[in-house]
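Letter by letter, the chains look like this.
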Amino acid sequence: MSKPIVIGVIMDPIEKINITKDSTWAMILAAQNRGWQVRYMQQSNLYASNGKVYAESRVVTLLPGQDPWLELSQATTHELSECHAILMRKDPPFDLEYIYTTYKLELAELRGTLIVNKPQSLRDCNEKFFTTWFPQCAPPTLVTRSAELLRQFIRDHGDCIFKPLDGMGGASVFRVQSDDPNKGVIIETLTRDGTTSVMAQSFIPEISEGDKRILMVDGKAVPYALARVPKAGETRGNLAAGGTGKGIALSERDVWISKQVAPVLKEKGILFAGLDVIGDYLTEINVTSPTCIRELDKQYGLDIAGDLMDAIELRLSA
């Protein structure tokens, strides 16, 4: 491109991130290393007026190894489409405000800005429910708000995982077994007395070996996964729930799963995703703000964020 690339980043407060683990930090640094201008903003900095969307943003410069580790310019207001690309990296909750932000991002998309990931797909591809598109990859799965169907699922499979469709970080994930005296109250709590759908999956014993995060960049799997191993006494491998991450090479099954999912990701404009695989089974597809870049980069000398910037630049040049 003739002009320097300007890339916007929508995220949670940047001052509060853990720079040793934060994947968005890696993305900003990768863009900065290419000489791109990076503009930082939060959801509250966006507004729509007369068919256009505007942002109050600040140029961010990372200073690795220094204290403070970043510089922010004075805020300026501009049309969002002045950014060639936008990284939507706001963490869940996936609430109404998040949806409203995707509407605003679509206005910029209509004016030529590349949004990563595509706003419509952020709305359509619920990170739990999206796995139902790939039943050949997933464990036995049920999505319902019916207490009777959930009880039947327990009777059929004996050992199950129940989780809300809008959770993250392992929050409100329950392991439920056929002899669990609390299964009734768990079902009532998660379904909010039958008013909210939840996901049930058969329990996968290989969780003891780790919940593998496979990162997908423009439909290609990074050749190594971060296996998040539960701490003692836990069934959740999420790092936020105390799990420990260790890098492992993808298995043949992991590669097969990634190839099953890849064409749909590309079709839906999802340039960056995180597949969660336990044993031989796909359990979630993360499309909002997948993490684990820093850990895999450090263990294997990768540049995953750089690969993503290459994919973005390729899209922009086209």
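Residues numbered from 1 in each chain as written. Predicted model: local features only at pLDDT ≥ 70, side-chain atom pairs only at ≥ 80, totals over all residues. Heavy atoms only, no water.

## Description of the pairing of strand β13 (residues 211–217)
Step number 1: Within β13, 7 of the 7 residues are buried, which leaves the element mostly enclosed by the surrounding structure.
Step number 2: By the alternation rule, side chains of β13 split into D211, R213, L215 and V217 and K212, I214 and M216, which are all buried.
Step number 3: Alignment of β13 against strand β15 (residues 224–229), held across 3 bridges, turns out to be antiparallel. Within β15, the position partnered with K212 by the bridge is A227.
Step number 4: One ladder, built from 7 bridges, connects β13 with strand β17 (residues 272–278); its direction is antiparallel. Across the sheet, K212 pairs through a bridge with V277, a residue of β17.
Step number 5: Pairing analysis gives 2 bridges linking β13 to strand β14 (residues 220–221), with the strands arranged antiparallel. Counted as the bridge partner of V217 is K220 from β14.
Step number 6: In textbook terms, the turn of a hairpin is the stretch between consecutive antiparallel strands, and for β13 and β14 this stretch comprises 2 residues, one of which, D218, has a positive phi near 50°. (Buried < 20%, exposed > 50% of the residue type's maximum accessible area, 1.4 Å probe, protein only. Helix = DSSP H or I, 4+ residues; strand = E, 2+ residues; numbered from the N terminus. Pairing = 2+ DSSP bridges.)

## So, the nonpolar core
Step number 1: With 40 residues, the main nonpolar core has I7, I14, M309 and I312 as its most contacted residues.
Step number 2: In this structure, V264, L275, L282 and V287 belong to the second largest nonpolar core, which totals 35 residues. (Core = buried A, V, L, I, M, F, W, Y, C linked by side-chain atoms within 4.5 Å.)

## Points about the environment of E252
Step number 1: Its place among the elements puts E252 in helix α6 (residues 252–267).
Step number 2: Of the residues examined, E252 reaches a relative accessible area of 76% and is grouped as exposed.
Step number 3: With 175 residues separating them in the primary sequence, E252 and T77 have C-alpha atoms 49 Å apart.

## Quick look at the side chain of T102
Step number 1: Along the chain, the position of T102 falls in helix α2 (residues 96–110).
Step number 2: Look at T102 and you get buried, because its relative accessible area is 0%.
Step number 3: Every residue in contact with T102, bar those within four places of it in the chain, is listed here: P119, L122 and R123. (Contact = heavy atoms within 4.5 Å.)

## Describing the packing of helix α4 (residues 147–157) against helix α5 (residues 183–191)
Step number 1: Taken N-terminus to C-terminus, the directions of α4 and α5 make an angle of 135°; their axes are 11 Å apart at the nearest point. In this view, α4 runs oblique relative to α5, as classed from their interaxial angle. Between α4 and α5 lies a crossing whose hand is right-handed. Taken together, the residues of α5 that come into contact with α4 (itself represented by A147, L150, R151 and I154) are K183, G184, I187 and T191.
Step number 2: Class assignment of the residues belonging to the contact of α4 with α5 gives a composition of 4 nonpolar, 2 polar and 2 charged. (Axes fitted to C-alpha atoms, helices over the stretch in contact; angles between N-to-C directions. Parallel < 35°, antiparallel > 145°, perpendicular 65-115°, else oblique. Left-handed = near helix turned anticlockwise from the far one by under 90°. Nonpolar A, V, L, I, M, F, W, Y, C, P; charged D, E, K, R; others polar.)

## A look at the sheet that holds strand β10 (residues 159–164)
Step number 1: As summarised here, the arrangement of the 4 strands in space is β9-β12-β10-β11, forming an open sheet in which the pairing is antiparallel. Strand pairing shows two members of the sheet lacking a second neighbour, β9 (141–144) and β11 (174–177), which therefore form its edges. For this sheet, the mean angle separating the axes of adjacent strands, direction not counted, is 25°.
Step number 2: Note that β10 and strand β12 (residues 198–202) share 5 bridges and pair antiparallel. Paired with I161 across the bridge in β12 is Q201.

## Quick notes on the packing of aromatic side chains
Step number 1: Under the criterion given, the structure shown has 6 aromatic pairs.
Step number 2: Between Y100 and Y103 the ring centres are 6.3 Å apart and the planes differ by 40°, which places this aromatic pair in the tilted class. A residue pair is termed a helical-turn pair when its members lie 3 or 4 positions apart in one helix, as Y100 and Y103 do in helix α2 at 3 residues.
Step number 3: Judged by its relative accessible area of 43%, Y103 falls in the partly exposed class.
Step number 4: Note that R175 overlies the ring of F203, its terminal NZ or CZ placed 3.7 Å from the centroid. (Phe/Tyr/Trp six-rings, centres within 6.5 Å; stacked < 30°, edge-to-face > 60°. Lys NZ or Arg CZ within 6 Å of the ring centre and 35° of its normal.)

## Quick word on helix α7 (residues 293–300)
Step number 1: Taken together, the buried positions of α7 are occupied by I293, E295, L296 and D297.
Step number 2: Elements in contact with the buried residues of α7: α1 (23–33), β13, β15, β17 and α8 (304–317).

## Looking at the pairing of strand β1 (residues 6–10)
Step number 1: Burial within β1 is extensive, with 5 of its 5 residues counted as buried.
Step number 2: Taking every second residue as pointing to the same face, both faces of β1 are buried, with V6, G8 and I10 on one and I7 and V9 on the other.
Step number 3: In the sheet, β1 pairs with strand β2 (residues 37–41) via 5 bridges, with the strands oriented parallel. Of the residues in β2, the one forming a bridge with G8 is R39.
Step number 4: One crossover worth recording links β1 to the parallel β2 by way of α1, and it is right-handed. (Right-handed = clockwise from strand over helix to strand, strands pointing away.)

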